[in-house]
Amino acid sequence: MEDFILNLPKAELHLHIEGTLEPTLLFEIAKRNGIEIPFKSVEELQAAYSFDCLQDFLDIYYQGANVLLKEQDFYDLTHSYLEKCAAQNVRHTEIMFDPQTHTERGVSFETVITGIAKAQKDAQDKLGVSSLLIMSYLRHLSEASAFETLEQSLPFKELITAVGLDSSEKGNPPSKFQRVFKASVSVGYIPLAHAGEEGDADYIWEALELLNIKRIDHGNNSLQDSKLVAEIIKRDIALTVCPLSNTALKVVDDLRNHPLKTMMNKGLKVTVNSDDPAYFGGQINKNFSAIQKALALTKEDLYELAKNSFQYALLSPDRKTTFLTELEAYYTKNK
Ligand code: ADE
Ligand code: ZN
């Protein structure tokens, strides 16, 4: 099964680039930028990665991102993640980045996106890993700050495919961002959002009805409401589920109680993703194998999950077909 997962062609659809900052790279970048960090060693830093809820994690995640200052830092961060994609047979990835995490500290939008985009191009050319960018608004910040970010993104519009909504969910409902999402769609960005990770089903309803999102990040709490499940299926929208993130943030108490298989059985389109792999104990393939073991998933289940990852990617029909054909050939040979 491990080999089947390792070689399975797949796409990653829920990944925060800032959440791929491994402790060793964090220390290396901090050192070259002359930034003091309140941890003496990689081990001491890793010991701090113990969370009781989303906010616990976000506090340390934003602190980690403070070391990123220069274009080269964003390049190295992204390149390091894309190398891991190549090693795990991730053929395509849709990378979220949080511009406000950096612009709030005085790092320019241009610095962030130029570093990321150069690494994307190199990974496509040298590693054969395809990727696109999702610009995520931080929901704990104001609507005005999101509008400012949208404005800053316009000169780099060609590099951005979609907008997302992340950070502290409770108390920051999708309705707060209805106008900025409308404006984002009008410039050509596809609307996506985190919803129903810690927030209840009504936040998912809002994300669907007010933001008109085309994919739901997490969506665990959709199972609270059978009408909502029916609506998600009717709209043919996928959920980007992150098993190890869910246990790390106590969204799910034990992987054996994870709702992923229940979601699949209800007819929801689910994908497996790593969210913030440097903080949650594993890359995408570790998420696949952990959930496979916990829920006794079959090769057919894993094939369906990988199929969804290409089917619900923000790619042209032609590019989806190319990946799906490769996946089907793999499954036929290895099932
Ligand atoms: N930012 C990075 N990871 C996140 C998550 N799992 N939920 C909300 N915001 C995030
Ligand atoms: Zn996320």
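Refer to the structure printed above.
### Quick word on the pairing of strand β2 (residues 90-97)
Across the 8 residues that make up β2, a large majority, 7, are buried. Sheet analysis places strand β1 (residues 10-16) next to β2, joined by 5 bridges and oriented parallel. Directly across from L15, in β2, lies its bridge partner I95. Pairing between β2 and strand β3 (residues 130-138): 6 bridges, direction parallel. By the bridge assignment for β3, E94 is matched with L132.

### Topic: the coordination of the zinc ion (ligand 2)
Coordination sphere of the zinc ion (ligand 2), protein contribution only: H14 (NE2), H16 (NE2), H194 (NE2) and D275 (OD), at 2.0 to 2.3 Å. Sequence positions of the donors to the zinc ion (ligand 2) reduce to the motif H-x1-H-x177-H-x80-D. One end of the pair, H16, is in strand β1; the other, H194, is in strand β6 (residues 193-195), and 178 residues separate them in sequence. Assessed through its relative accessible area of 4%, H16 is described here as buried. Its relative accessible area of 4% is what places H194 among the buried residues.

### A word on the packing of aromatic side chains
Within a pair of aromatic rings, the relevant descriptors are the distance that separates the centres and the angle that separates the planes. Overall, the coordinates contain 16 aromatic pairs when judged by the stated rule. Where Y49 meets Y279, the ring centres are 4.6 Å apart and the plane angle is 40 degrees; that geometry is what we call tilted. Placement of the pair is Y49 in the loop between α3 (42-47) and α4 (54-65) and Y279 in helix α14 (residues 277-280), with a sequence separation of 230 residues. Across the pair, exposure class does not vary: Y49 and Y279 are buried alike. Considering the side-chain rings of F51 and F57, the 5.6 Å spacing of their centres and the 80 degrees angle between planes classify their relative orientation as edge-to-face. Look at F51 and you get buried, because its relative accessible area is 3%. What links up through ring pairs into an aromatic cluster is the set Y49, F51, F57, Y61, Y62, Y279 and F280. Positioned above the aromatic ring of F288, the side-chain terminus of K10 is 5.9 Å from the ring centre.

Cut-offs and rules
- Residues numbered from 1 in each chain as written.
- Chains lettered and ligands numbered in written order.
- Predicted model: local features only at pLDDT ≥ 70, side-chain atom pairs only at ≥ 80, totals over all residues.
- Heavy atoms only, no water.
- Buried < 20%, exposed > 50% of the residue type's maximum accessible area, 1.4 Å probe, protein only.
- Helix = DSSP H or I, 4+ residues; strand = E, 2+ residues; numbered from the N terminus.
- Pairing = 2+ DSSP bridges.
- Donors = N, O, S within 2.8 Å, 3.2 Å for Na, K, Ca; no water.
- Phe/Tyr/Trp six-rings, centres within 6.5 Å; stacked < 30°, edge-to-face > 60°.
- Lys NZ or Arg CZ within 6 Å of the ring centre and 35° of its normal.

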